[in-house]
Amino acid sequence: MLGTILVVEDEEQICKALKVSLGDEGYMVYVANTLRQGEVEAATRKPDLVIVDLGLPDGDGIFLIRTIRNYSMVPIIVLSARISEDSKVQALDAGADDYLIKPFGTNELLARVRAQLRRRLVPFDKTDQNLIELGDVKIDLQKQLITKNGEAVHLTKLENRLLFALIVERGKILTQRYLIQQVWGASYVEHPHYLRMYMARLRQKLESDPSDPKFLLTENGIGYRLAI
Ligand code: CA
């Protein structure tokens with residue numbers, strides 16, 4: 001078994017589809033149809049990953065995310081019909097790791113699930129592997145050395161800090177606010193253009209085609225994600 005997944009969702013059809021598709025992949029799936037039931041199942045089953053719908057009959061899934069985050073760092077993927085950027089940012093700020101808009105494809109969901117579980121299995125601080133590869137770019141975390149096709153890449157202090165913030169939380173969507181706080185400090189959150197500028201510089205230095213990035217991805221209106 002690859003792990004246990006708790007699905008908190010009230011739409012029966014989606015529950016059924018998820019049970020089948022995740023079950024076929026080898027996951028053990030538990031389903032809760034309400035916020036309250038989700039709280040109980042999350043606490044008692046101790047799942048390896050939680051999928052949460054935001055529109056639950058007895059409350060907002062965001063509350064469930066906050067409750068779970070009080071005691072667990074389990075990966076949380078949000079499912080929602082809400083497409084507004086505000087609601088995505090709210091869910092991510094509450095502690096969700098990823099976000100899928102309904103309707104979504106099964107393959108897309110499975111890919112996101114695998115990515116989150118991988119992150120959990122090899123947490124950054126416990127990995128022995130200090131070498132991260134992004135295509136032609138090799139990042140040696142221990143030696144603080146970055147090379148692209150074998151040639152050294154020099155990053156400024158702030159570029160380095162931004163790249164490191166992305167690496168620590170790789171695979172996760174990071175909000176602009178979060179990244180700005182990490183790199184420049186809380187007083188800069190009203191200046192997202194710094195972040196845009198530095199992301200452009202990182203892409204220039206690290207991506208093969210900066211106009212079509214493969215690793216330093218933009219999540220429209222929300223922030224960025226380092227895809228590994
Ligand atoms: Ca719903």
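Everything here concerns the structure above.
Residues numbered from 1 in each chain as written. Predicted model: local features only at pLDDT ≥ 70, side-chain atom pairs only at ≥ 80, totals over all residues. Heavy atoms only, no water.

**Some words on the sheet that holds strand β11 (residues 151–152)**
Convention followed: Between any two strands, at least two bridges found by DSSP are needed for them to pair. Each helix is a run of H or I in the DSSP string that is no shorter than four residues. Each strand is a run of E no shorter than two, and both are numbered from the N terminus.
Taken in spatial order, the 4 strands of this open sheet run β8-β9-β10-β11, and their pairing is antiparallel. Pairing within the sheet leaves two strands with one partner each, and these edge strands are β8 (131–134) and β11. In the sheet, strand β9 (residues 137–140) pairs with strand β10 (residues 145–148) via 4 bridges, with the strands oriented antiparallel. Within β10, the position partnered with valine 137 by the bridge is lysine 148.

**Observations concerning the packing of helix α6 (residues 157–168) against helix α8 (residues 192–206)**
In a pair of packed helices, the angle between the axes and the distance between the axes together describe the arrangement. Spelled out, the test is: To get an axis, fit a line to the C-alpha atoms, keeping to the stretch in contact for a helix; angles then go from 0 to 180 degrees between the N-to-C directions. With respect to orientation, any angle under 35 degrees is reported as roughly parallel, any angle over 145 as roughly antiparallel, any angle of 65 to 115 as roughly perpendicular, and every other angle as oblique. Whether two residues are in contact is decided by their heavy atoms, any of which lying within 4.5 Å being enough. Only Asp, Glu, Lys and Arg are considered charged in this grouping, and only Ala, Val, Leu, Ile, Met, Phe, Trp, Tyr, Cys and Pro are considered nonpolar; every other residue, Gly among them, is considered polar.
One can describe the packing of α6 onto α8 by two numbers: an axis separation of 10 Å at closest approach and a directional angle of 85°. It follows from the interaxial angle that α6 and α8 lie roughly perpendicular. Of the residues in α8, those in contact with Leu158, Glu159, Leu162, Leu163 and Leu166 of α6 are Leu195, Tyr198, Met199, Arg201, Leu202, Lys205 and Leu206. Partitioned by chemical class, the residues of the contact of α6 with α8 number 9 nonpolar, no polar and 3 charged.

What is shown is where atoms sit, not what they do.
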